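Chain by chain, the residues run as shown.
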Amino acid sequence: MTVAVIPARGGSKRIPRKNIKPFCGKPMIAWSIEAALASGCFDKVIVSTDDDEIAAVAQAYGAWVPFKRPANLSDDYTGTTDVIKHAAQWLAAAGYESDYLCCLYATAPFIRAEDLQRGRAVMDASTPDYVFSATTYAFPIQRALKVDEQGQVSMFQPEHFTTRSQDLTEAWHDAGQFYWGTRAAWLEKRPIFSSSARLIELPRHRVQDIDTPEDWARAEWLFKAMQAGQ
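Worth saying up front: this structure is predicted, and the values here are computed from it rather than measured.

Visitor: Lay out the side chain of histidine 86 with the relevant residues and their values.
Guide: Relative to the helices and strands, histidine 86 is located in helix α3 (residues 80–93). With sequence-adjacent residues up to four places away left out, histidine 86 is seen in contact with Phe67, Pro70 and Leu73.

Below, the structure is given as structure tokens:
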């Protein structure tokens, strides 16, 4: 059995009600639910939430909300792995033995069914602990700058001031969209970013964190531009 788990608590601070706020014509969470359903990868698409309104919206778009997430797993300090571990334990107790669980973020409107399918194919082919989406940094991280309390500028790695860009190791970052994982990896809370993980590359224009109102506005611009170009 393969299950998608979408964490969606109700207490977002910087963008109130972020998970169900309208985004380009639908509640934000609907984009993740619909991509999961369209992928054909999952026997169940679950939303893990502590919020009745989020649960109702999720069900309206075809997700399953079989439990209410406990309050101790719904605060600002609870990590994603704890939420997925809870879902895996609940599924096992209910008689649903899941081989793979895929965490999808509720605020990932750029997620696509074919990317989820690619991730599943890598899981099947190489059996890593995790497969996640990632993209490359647009600028060499070896030339990153910092500013101290006096306003003075320095490089994190000054030894690379004169190194050619093509000679620097390319750096990647998490796209914040989905994380395929084995049941054992989630239950044991193994680290996602390790030598036991693989990544699915996404183009930079389809990667956008949505944590602030400015992020939200930029994401809508990108999303509308992509829709117009189709």
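Right, picking up where we left off after that structure.
Visitor: I'd like a description of the pairing of strand β4 (residues 44–48), backed by residues and values.
Guide: With respect to burial, β4 is a largely interior element, four of its five residues being buried. Alignment of strand β1 (residues 2–7) against β4, held across five bridges, turns out to be parallel. Looking across to β4, one finds that valine 5 is bridged to isoleucine 46.

Visitor: Can you explain the packing of aromatic side chains? Please cite residues and give values.
Guide: Under the counting rule described, the total for this entry stands at 12 aromatic pairs. For the pair tyrosine 130 and tryptophan 186, a centre-to-centre distance of 5.0 Å together with 80° between the ring planes defines the contact as edge-to-face. Of this pair, tyrosine 130 sits in strand β6 (residues 130–136) while tryptophan 186 sits in helix α5 (residues 183–187), placing them 56 residues apart in sequence. Among the aromatic residues, ring-to-ring pairing joins Phe23, Trp31, Phe110, Trp216 and Phe223 into one connected group. Sitting above the plane of the tryptophan 216 ring, lysine 21 keeps its charged end 4.6 Å from the centroid. When the ring centre of phenylalanine 156 is taken as reference, the NZ or CZ atom of lysine 146 above it lies at 5.1 Å.

Visitor: For a nonpolar patch on the surface, give the residues involved together with the corresponding values.
Guide: A cluster of nonpolar side chains, contributed by Leu145, Val147 and Val153, occupies part of the molecular surface with about 320 Å² of accessible area. With respect to the element layout, valine 147 can be found in strand β7 (residues 145–147). Of the residues examined, valine 147 reaches a relative accessible area of 58% and is grouped as exposed.

What counts and how
- Residues numbered from 1 in each chain as written.
- Predicted model: local features only at pLDDT ≥ 70, side-chain atom pairs only at ≥ 80, totals over all residues.
- Heavy atoms only, no water.
- Helix = DSSP H or I, 4+ residues; strand = E, 2+ residues; numbered from the N terminus.
- Contact = heavy atoms within 4.5 Å.
- Buried < 20%, exposed > 50% of the residue type's maximum accessible area, 1.4 Å probe, protein only.
- Pairing = 2+ DSSP bridges.
- Phe/Tyr/Trp six-rings, centres within 6.5 Å; stacked < 30°, edge-to-face > 60°.
- Lys NZ or Arg CZ within 6 Å of the ring centre and 35° of its normal.
- Patch = residues over 30% accessible without salt bridge, like charges linked within 9 Å, V, L, I, M, F, W, Y side chains within 5 Å.
- Areas by Shrake-Rupley, 256 points an atom, 1.4 Å probe, with all protein chains shown as cover.
- Salt bridge = Lys/Arg side-chain N within 4 Å of Asp/Glu carboxyl O.

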